[in-house]
Amino acid sequence: MEINERGFSSKALEDFELIDKAVIELDQQAYAMLMKRYKKAVYFMILKMIRDTDDAEDLTMEAFAKAFKNLHKFKKDYTFSTWLFRIATNNTIDFIRKKKLKTMSLNTSMSDDGGNSVTIDVEDDDNNPQDEFIRSQRIEMVRIFVDKLPAKYRKLVELRYFDELSYEEIAQELDKPLGTVKAQLHRSRELLYEIASGKEDHI
């Protein structure tokens, strides 16, 4: 088999099969499996870059949203994990630029499941023309699942991801303490992951 000759791992080959099911057969469970495989790895990679658990959870969700939105463009010239980590990294760098955060973690090299180095490219131009494109593509995947959330969580997700309000703005909008908003958004993300993994019967 040609792909085997090019040295892809069995996990990478399984990813390719899941991608075909997701793109060609529109298999929702295939998307869920890809998320389940890489959610923790993406989350901890992002957390190393920004050192904030709430933002890391948001950016993890956004990375999968962008990846799934563009999955039909994925070429099997490299592993899915390499492609996904680059999307997550670039999205996080975009976030850092906007927040004007200072971090020393941008020089940290990451490796995918095949042991290949994932390069983190940082452009000097503050007015990155890709920024608007990235923002416009965010969180499309969440729309597949968000309608299955209980009403109070659905509203939080809509305000945070669709309207792109800050935690403080959401607290003001809903007249709730900031701590409550953060806790409920955390639970909302957990529920979304459960729904995406086919566990909505437990919700």
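Below is a summary of the structure that appears in this document. What you see is a predicted model; the values in this text were computed from it and never measured.

Okay, the overall build of the protein chain next. The helix and strand tally for the protein chain stands at 10 helices and 2 strands. Sequence-ordered secondary structure for the protein chain, helices as α and strands as β, is α-α-α-α-α-β-β-α-α-α-α-α. Counting the 203 residues in the protein chain, one finds 45% classified as buried. Look at the contacts in the protein chain between residues 6 or more apart in sequence, and 65% of them connect residues 24 or more apart. As presented, the protein chain carries roughly 11200 Å² of accessible surface, and 47% of it is formed by carbon and sulfur atoms.

A separate point is the packing of aromatic side chains. This model, assessed by the stated rule, comprises 10 aromatic pairs. Taken together, a centroid distance of 6.0 Å and an interplanar angle of 40° make the contact between F16 and F74 tilted. Placement of F16 in helix 2 (residues 10-24) and of F74 in the loop between helix 4 (53-69) and helix 5 (80-99) is noted, with a sequence separation of 58 residues between them. A centroid spacing of 6.2 Å and a plane angle of 75° characterise the contact between F74 and F80, whose relative ring orientation is edge-to-face. Look at F74 and you get buried, because its relative accessible area is 10%. The exposure class of F80 is buried, given its relative accessible area of 0%. Members of the aromatic cluster, connected to one another through ring pairs, are F8, F16, Y38, F74, Y78, F80 and W83. Its end group placed over the ring of Y167, R160 keeps NZ or CZ at 4.3 Å from the ring centre. Sitting above the plane of the Y167 ring, K182 keeps its charged end 5.6 Å from the centroid.

Another aspect to go through is the side chain of R160. Residue placement: R160 occurs in helix 8 (residues 151-162). Its relative accessible area of 15% is what places R160 among the buried residues. Of the polar contacts made by the side chain of R160, one reaches the side chain of D58; its length is 2.4 Å. Dropping the residues within four chain positions of it, R160 is found in contact with D55, D58, L165, S166, Y167, I170 and L185.

Here the focus is helix 5. In this model helix 5 runs 29 Å from its N-terminal to its C-terminal C-alpha over 20 residues, within 8% of the 28 Å that 1.5 Å per residue would give. The element helix 5 is extensively covered by neighbouring structure, given that 15 of its 20 residues are classed as buried.

With respect to the secondary-structure elements, D55 resides in helix 4. Remark: the alpha-carbon pair of D55 and Y43, spanning 12 residues in sequence, is separated by 9.9 Å. Setting aside residues no more than four positions away along its own chain, D55 makes contact with I50, F95, R160 and Y167.

With that settled, consider helix 8. When the terminal C-alpha atoms of helix 8 are compared, their 15 Å separation across 12 residues agrees well with the 16 Å that a helix rising 1.5 Å per residue should span. Looking at helix 8, one finds that the buried residues are Y153, L156, V157, L159, R160 and Y161. Positive backbone phi, at 60°, marks E164, one or two positions downstream of helix 8.

Let's shift gears to the environment of I24. Along the polypeptide, I24 turns up in helix 2. Spatially, the C-alpha atoms of I24 and H72 are 8.6 Å apart, while their sequence positions differ by 48 residues.

What follows is about the nonpolar core. Counting 54 residues, the largest nonpolar core has V42, I46, I50, L71, F80 and L149 as the members making the most contacts within it. With 12 residues, helix 3 (residues 28-50) is the largest single contributor of residues to this core. If we ignore the near neighbours within four places in the chain, the residues touching I46 are A56, L59, T60, A88 and T92.

The next thing to look at is the side chain of N70. Locating N70 in the fold gives a position in the loop between helix 4 and helix 5. In terms of polar contacts, N70 uses its side chain to reach the backbone carbonyl oxygen of K66, at 2.9 Å.

Conventions used here
Residues numbered from 1 in each chain as written. Predicted model: local features only at pLDDT ≥ 70, side-chain atom pairs only at ≥ 80, totals over all residues. Heavy atoms only, no water. Helix = DSSP H or I, 4+ residues; strand = E, 2+ residues; numbered from the N terminus. Buried < 20%, exposed > 50% of the residue type's maximum accessible area, 1.4 Å probe, protein only. Contact = heavy atoms within 4.5 Å. Areas by Shrake-Rupley, 256 points an atom, 1.4 Å probe, with all protein chains shown as cover. Phe/Tyr/Trp six-rings, centres within 6.5 Å; stacked < 30°, edge-to-face > 60°. Lys NZ or Arg CZ within 6 Å of the ring centre and 35° of its normal. Polar contact = N/O pair within 3.5 Å; in protein donor to acceptor, adjacent residues only side chain to side chain. Expected span 1.5 Å × (residues − 1). Core = buried A, V, L, I, M, F, W, Y, C linked by side-chain atoms within 4.5 Å.

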